[in-house]
Amino acid sequence: MTGARIGRIGTRLTFAATAALALASCSEKEPAGEKTAVKRYTVPASLDRELNNAELDSLSQMRRTHGITRDEYWDGYGGVLANDVLEVWYPDGKLNALQGMAMIKLASEARARTQQVFGTVPAERAVIVCAGDIDVYTSSTGRQWWHYSRIEGDTISIQPPINLHTRGLLTVVGPREYYEWAIGKISKHRAPRWIEEGLASYLAGEAAVLEELRVDTGGNPIGMSTKEMESALAKESDRQETRRAYYNAYRTVEQIVKAHGEEAMGRFVVALGANDDLDAASKAAFAADFDDVVEPARAWASTE
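Residues numbered from 1 in each chain as written. Predicted model: local features only at pLDDT ≥ 70, side-chain atom pairs only at ≥ 80, totals over all residues. Heavy atoms only, no water.

A. Spotlight on unusual backbone geometry. The phi dihedral of Lys188 is positive, around 60°, even though this residue is not glycine. Exposure remark for Lys188: the relative accessible area of 48% places this residue in the partly exposed category. The backbone of His189 shows a phi angle near 55°, a positive value even though the residue is not glycine. Mapping His189 onto the fold places it in the loop between α6 (170–187) and α7 (193–204). (Buried < 20%, exposed > 50% of the residue type's maximum accessible area, 1.4 Å probe, protein only. Helix = DSSP H or I, 4+ residues; strand = E, 2+ residues; numbered from the N terminus.)

Here you go:
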């Protein structure tokens, strides 16, 4: 559903590597014994046309608004839009520049909100790689269709924005994956995984989506302990258990924020970046030990 935490180093998945995966065609017969290639992304004609005046005007305005300093496109590969703090690669098809710019806009808004909540933003530039279609996404990332992205170092490989848009998820997923990446960077990944996931969902306004998915539990009770959440999120192998964990993480973080406020939650994440002791960070942010903050926040589970 959401981005996997793959690594803590600044590994970057380059566009060249993604394009190579996307351009490998599985429709061509391969010699016996060779590895099956990734399905090629075939650009729909409607996405490969020249942009009209209204679309060009919108792109021009957004370039200025977001300080775009790099805007390149290669037929047969795709393009890139970048400024000092964000870099977005989009798939083949001239019209897909609009998808790339939409990701710049959503990530920029999330970055501004990150500054507001945490008082800081990562110094590193986030690189967002947008897949051309879901088959390319699953093949190149190794992720299932129900995961929104794969986060590796400073690179966020994400499902096709057009697919997320038609499912009504783009304005949630775009910022959500930036938040998850930023929280990990600010805390140096010292926060429990359920905090990272739950806080990213809270900041992105994912509540309605998670409520809809709550029915997908395989008949299991809704509530989970923090240990169960952490285990399910570490594996992310079972869709129903993972969705239970996402929902529990969101609801628990939501209750912490209601009790202590967003600023305290932000201080907690920042404190973890300076000190890997959960209780010390919790006392600095909430004036209480971590368990004393979490347990009351989990009271919602006993009522559902």
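Next comes the rest of the write-up.
B. Focus on the pairing of strand β6 (residues 149–152). Side-chain alternation along β6 places Ser149 and Ile151 on a buried face and Arg150 and Glu152 on a face that remains uncovered. Judged from the four bridges that link them, β6 and strand β7 (residues 155–158) form a sheet pairing that is antiparallel. For Arg150, the partnering residue across the bridge sits in β7 and is Ser157. Connecting β6 to the antiparallel partner β7 that follows it, the hairpin turn spans two residues, and Gly153 within it adopts a positive phi of roughly 60°. (Pairing = 2+ DSSP bridges.)

C. Seen up close, the pairing of strand β5 (residues 126–130). In terms of burial, β5 is a largely internal element, five of the five residues being buried. Burial along β5 is two-sided: the residues Ala126, Ile128 and Cys130 and Val127 and Val129 are all buried. The pairing of strand β4 (residues 86–91) with β5 spans four bridges and is classified as parallel. Paired with Trp89 across the bridge in β5 is Val129. As a crossover connection, the stretch from β4 through helix α3 (residues 97–118) into β5 is left-handed. Pairing analysis gives four bridges linking β5 to β7, with the strands arranged parallel. (Right-handed = clockwise from strand over helix to strand, strands pointing away.)

Fair warning: the whole summary comes from geometry, so function is off the table for now.
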